[in-house]
Amino acid sequence: MSDSDNATMRSVDDHLKTVLDTVQLLAPMELPITDVNGLVLADDVVASIALPPFDNSSVDGYAVRLADLEGAAEDSPAELSVIGDIAAGSVHEGILEPGTCARIMTGAMVPHGAEAIVPVEWTDAGTESVRITRVPERDQNIRILGSDVKTGEVVLKAGTRLGPRQIGLLAAIGQVHAPVHPHPRVVVLSTGSELVEPGTVLGPGQINDGNGPALTAAVNAMGATGIRVGIVGDDPQGVLDAIEDQLIRADVVITTGGVSVGAYDVVKEVLSTLGTVEFTKVAMQPGMPQGFGTVGEDRIPIFTLPGNPVSAYVSFEIYIRPAIEKMMGIATGPRKTVTATCFGAFTSPDGKRQFARGVYDPAALSVRPVGGHGSHLVGDLALANALIVVPEHVTEVVDGDDVEVIVLDGGVR
């Protein structure tokens, strides 16, 4: 590759910056807590109740007054009258009188006058009267009102990504809804007259559409909502209609195919009339031809990816994943890497950042390349769990070299 060819290309970092400067955080909305897993809080959450909401027992045992247990020991137990049982969800009316106790279950409200809970293991488990052989500390085995969360306390801050533990807290304080940045709706559209739906008997020159299902799955796996709308042939009006039809429900549009320099690369042709999409060459392998911009009155971001499946997938990981994360309110930027020892040798094109497929072993902190450079090699892509990042100035990776690796499938962010 000549120096002049390199000069006409945009760097990976510059293209990612263009993307992240363009996409915007989605406006917040109130959603049921059953629908917020993986989403980011748009506002602080303040507790309207305390946790626990009342003093309650942390063990099965007996609610007691400490004065009644002075000197209790194995050889001289204190004996108290049991005035009744307090189950979780019930309330004991009145105050414990001297010389009495109440049998109490875990989670039950502590009666007035009780100063500690004696575990059943310290007793003879009596039901009408009970012999107690040890003296607890004040408030021992009592969960004090507000000891976990106080009324008016900020329990979750804006920017927190919600998962099962945070949703459990929201439910515990009585929240039915939460203010969040919603799941982006990402429309995936495959273009190309050679494409058919998987399961179709292939005719001459036809191939199954793998990009649509793969990219939709990638969107869904990261917590957004992938919407695959099928295949559009190499017809400019058909492509234009398909994109325009999706803008009413899309927060992001992804197309694959039709972005190179061939006679039938219709995506480039039609988007010149629809928005502000810029088609460029990025100094990367795979995925050199890239298109990005906005379309429609609402300036919906659109990514036009190469049709080759490895190029499309790598482009998703490097550009679209960070963009969707920004829209969701997740702190984002370039994909983070880990350093690993490469067991295997391969070459890399001068002036391009290569994202080679690899199999990463986290236990050994090692990676081995899988497959060749071809951007059509979906069999090799399916075996990979990582991308080996080779800088633009490096033309050869030697067996035993340390390399930077992007770990896929829930890896390092």
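Criteria and cut-off values
Residues numbered from 1 in each chain as written. Predicted model: local features only at pLDDT ≥ 70, side-chain atom pairs only at ≥ 80, totals over all residues. Heavy atoms only, no water. Helix = DSSP H or I, 4+ residues; strand = E, 2+ residues; numbered from the N terminus. Polar contact = N/O pair within 3.5 Å; in protein donor to acceptor, adjacent residues only side chain to side chain. Contact = heavy atoms within 4.5 Å. Pairing = 2+ DSSP bridges. Axes fitted to C-alpha atoms, helices over the stretch in contact; angles between N-to-C directions. Buried < 20%, exposed > 50% of the residue type's maximum accessible area, 1.4 Å probe, protein only.

Caption draft 1: Spatial organisation of the side chain of arginine 10. Residue placement: arginine 10 occurs in the loop between helix 1 (3–7) and helix 2 (12–22). A distance of 3.0 Å separates polar atoms of two side chains, one belonging to arginine 10 and the other to glutamate 278. Setting aside residues up to four positions removed in sequence, arginine 10 forms contacts with His15, Thr18, Glu278, Thr280, Lys281, Val282 and Ala283.

Caption draft 2: Region of interest: the sheet that holds strand 13 (residues 185–191). The strand order across the open sheet built from 6 strands is 16-13-17-21-20-18, with neighbouring strands paired in mixed fashion. Each edge of the open sheet is held by one strand with a lone partner, namely strand 16 (225–232) and strand 18 (278–281). Averaged over all pairs of adjacent strands, the angle between strand axes in this sheet comes to 20°, irrespective of strand direction. Direction of pairing for strand 17 (residues 252–256) relative to strand 21 (residues 300–305): parallel, over a ladder of 4 bridges. Bridging across to strand 21, isoleucine 254 finds its partner in phenylalanine 303. Here helix 4 (residues 211–221) sits on the sheet and contacts strand 13, strand 16, strand 17 and strand 21; the angle it forms with strand 16, its principal contact strand, is near 170°. Across the face of the sheet, helix 7 (residues 309–328) comes into contact with strand 13, strand 17, strand 20 (289–295) and strand 21 while running at roughly 170° to strand 21.

Caption draft 3: Local environment of the side chain of asparagine 141. Along the chain, the position of asparagine 141 falls in the loop between strand 9 (129–132) and strand 10 (142–143). Judged by relative accessible area, asparagine 141 falls into the buried class, the value being 19%. At 2.9 Å, the side chain of asparagine 141 forms a polar contact with the backbone oxygen of isoleucine 117. Non-local contacts of asparagine 141, meaning those with residues more than four positions away in its chain, are made with Asn56, Ser57, Ser58, Val59, Ile117 and Pro119.

Caption draft 4: Molecular detail of the sheet that holds strand 5 (residues 61–64). Strand order in the open sheet made by the 5 strands is 8-5-7-6-9, with mixed pairing throughout. Whereas interior strands pair on both sides, the edge strands pair on one side only; in this sheet they are strand 8 (116–119) and strand 9. On average, each strand axis in the sheet is tilted by 40° relative to the strand beside it, whichever way the strands run. Relative to strand 7 (residues 100–104), strand 5 runs antiparallel, the two sharing 3 bridges. Along strand 7, the bridge assignment pairs glycine 61 with isoleucine 104.

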